[in-house]
Amino acid sequence: MSEMKFQLPRGTQDIFGEDISYWQKMEEIIRRQCRLYGYREIRTPIFEHTEVFLGENDSSDMVNKEMYTFKDKGQRDLTLRPEGTKGVIRSFVEHKMYGNADMPVKLFYLGPMFRYDRPGKGRYRQFYQFGIEAIGTKSALLDVETIALGYAITREMGISDVVILINSLGDEKSRGDYTKALKAYFEPYLAELCTDCKRRFEQNPLRMLDCKVDKDRPCFIKAPKCQDYLNEESKEYFATVLKGLDALSIPYRIDERLVRGLDYYSNTVYEAVPKDDDGQQATVFAGGQYDGLVESFGGGPLAGVGFGMGMERMISLAREQKALPVEEERLDVYVISLGNIGTYGSRITEMLRKNGIKTEMDYQGRSLKAQFKSTDRYRAKAVIIVGEDEYLSNTVQIKDTADRTQENISFDRMLEKVKDIICKGEGYE
Ligand code: ATP
Ligand code: MG
């Protein structure tokens, strides 16, 4: 055997074999549910100008520590996208999608994201996110719709025990008051906190609550709660969101310390986690409303709401719960060719494929026995056997693997017979 020369970069993975069936199934579910909820696909570039992700004084780890940023040969500053929202907003503004569309504009994306994260369970450096954005309308029930869509996909994936952690950061005014209160509260403790928290204290004290290092300190547990700083309007808004979730029987839990990893959220923020997550950090989808983001991209004062879903985590949960029926599809026809028959086997195979029949053949000139073994492995519904006699008489032997009957028929009648066998075999195992 030759020696392996190359390995995957750290934090990446190859997806193939049985795994691919799960990925395709998940993508199928996502596409169907998005169609039902009225979200259309958008594909933005995998890299953007670095400024797209930077924002003003962003305090998130993602922006400060995790971006794959590089200069191209033209000295442009570019970054592999670490998340989906900002590219979508850039595109929304650039193409003036607010122009003549019905609001909100509802979009979904699906593809690889890149973060220089610490690799571990459910944590990669290249990972796949599916996400949605509903842009241009601010409505508590629209927030609920986004959660409902994420939840519907989770359920259809067979993941039954997910709960939505939810919180409200309030509108700009409430959030401002709360930020002030947090700053005043944390000031005396600053010296004992981690360096990240010291930075967050300056940039966005809200984000301190999201700290994975300090979160269990007594001073964190006793910190002011953002619910106490919501003004009337924000309170009412949040109450409507919760009523909406009740109406759709979506299980949720208010989590007052939930602030989310990104800087641009307002009002509703949420995370979907497995019920028994106990600090596993297995959040499967997470999002919220972002009031100022579109405007900061030069697009007018439009609100938006959306989430990002980690596809690796969804798939690993679905596999653990064994609830997603992913089964290798059976083969319709295997063509066994024997002896000196030129291209006869290839012609049969191609003709069947052209007629929508899933067909395989042997390319190695193996023995009859070996070719029959392949037939079993593929669980073919029908087998076509051709040797010199069949070739010369323009016929085929065709075998129904269900009842094991075999007959010799003319090439012209082959397709009809194959279709008979396949229809009959439907549901047969
Ligand atoms: P965390 O606090 O766990 O780092 P985050 O706040 O950085 O999460 P988001 O930016 O909200 O995560 O991303 C949305 C979703 O994408 C997450 O809930 C998770 O399912 C997934 N995700 C985020 N980072 C990774 C990663 N490095 N590998 C795999 N999936 C990820
Ligand atoms: Mg992160």
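In every chain, residue numbers begin from 1 and rise along the written sequence. All chains are assigned letters beginning with A, and all ligands numbers beginning with 1, in the order in which they are written. At least 70 in pLDDT is required for a residue's local features to be given in this predicted model, at least 80 for side-chain atom pairs to be given and counted, and no such filter applies to totals for whole chains, interfaces and linings, which use all residues. With hydrogens and water set aside, each side-chain value is computed from the structure's full complement of heavy atoms.

**As for the site of ligand 1**
Then, in step 1: Around ligand 1, a shell composed of 16 residues is seen, among which Arg115, Arg123, Tyr124, Lys212 and Arg260 lie nearest.
Then, in step 2: The term polar contact refers here to a pair of N or O atoms within 3.5 Å; inside protein, the definition further demands a hydrogen-donor-capable atom paired with an acceptor-capable atom, and it admits residues adjacent in sequence only when both atoms are side-chain atoms. In this structure, tyrosine 124 approaches ligand 1 through a main-chain N or O atom, which is 2.8 Å from a nitrogen atom.
Then, in step 3: Taking glycine 310, its main chain carries an N or O atom lying 3.3 Å from an oxygen atom of ligand 1.
Then, in step 4: If ligand 1 stood free it would expose 600 Å²; the protein chains cover 91% of that surface.
Then, in step 5: Residues are grouped as follows: Ala, Val, Leu, Ile, Met, Phe, Trp, Tyr, Cys and Pro are nonpolar; Asp, Glu, Lys and Arg are charged; every other residue, Gly included, is polar. Residues of the shell around ligand 1, tallied by class, amount to 4 nonpolar, 6 polar and 6 charged. Throughout, the term near means that a residue has one or more heavy atoms lying within 4 Å of the molecule or strand in question. Per-residue and other accessible areas were derived by the Shrake-Rupley procedure at a 1.4 Å probe size, with only the shown protein chains allowed to occlude residues.

**Here we look at the layout of surface pockets**
Then, in step 1: Whether a set of points on the 1 Å grid over the protein atoms alone is a cavity depends on a 1.4 Å probe fitting there but being unable to get out, while an open set qualifies as a pocket with protein on both sides within 12 Å along at least five of seven lines; lining residues are those with an atom within 4 Å of a point. Grid points are joined across faces, edges and corners, and a volume is the space filled by probe spheres set on the points. The volume enclosed by the second largest pocket comes to roughly 890 Å³.
Then, in step 2: Surrounding the second largest pocket, 31 residues form its lining, Glu56, Arg175, Asp263, Tyr264 and Gly292 being those nearest its centre.
Then, in step 3: Secondary structure elements follow DSSP: runs of H or I of four or more residues count as helices, runs of E of two or more count as strands, with numbering from the N terminus. Broken down by secondary-structure element, the contributors of at least two residues to the lining of the second largest pocket are helix H2 (50–54), helix H6 (172–186) and helix H10 (293–296).
Then, in step 4: If you tally residues by element for the lining of the second largest pocket, the top one is H6, at 4 residues.
Then, in step 5: Grouping the constituent residues of the lining of the second largest pocket by class yields 10 nonpolar, 9 polar and 12 charged.

**Some words on the packing of helix H5 (residues 140–156) against helix H9 (residues 232–247)**
Then, in step 1: H9 packs onto H5 with a crossing angle of 40° between their chain directions and a minimal axis gap of 8 Å. Taken together, the axes of H5 and H9 lie oblique to each other. Considering the relative orientation of H5 and H9, their crossing is right-handed. Contacts between H5 and H9 involve Ala140, Leu141, Asp143, Val144 and Ile147 from the first element and Tyr237, Thr240, Val241, Gly244 and Leu245 from the second.
Then, in step 2: Taken together, the residues that form the contact of H5 with H9 break down as 7 nonpolar, 2 polar and 1 charged. Working convention: axes come from line fits to C-alpha atoms, limited for helices to the stretch in contact. Angles between N-to-C directions cover 0 to 180 degrees. If an angle is under 35 degrees, it is roughly parallel; if it is over 145, roughly antiparallel; if it lies from 65 to 115, roughly perpendicular; otherwise it is oblique. Should the near helix be turned counterclockwise from the far one by less than a right angle, the crossing is left-handed, whereas a clockwise turn marks it as right-handed. Two residues form a contact once any of their heavy atoms are found within 4.5 Å.

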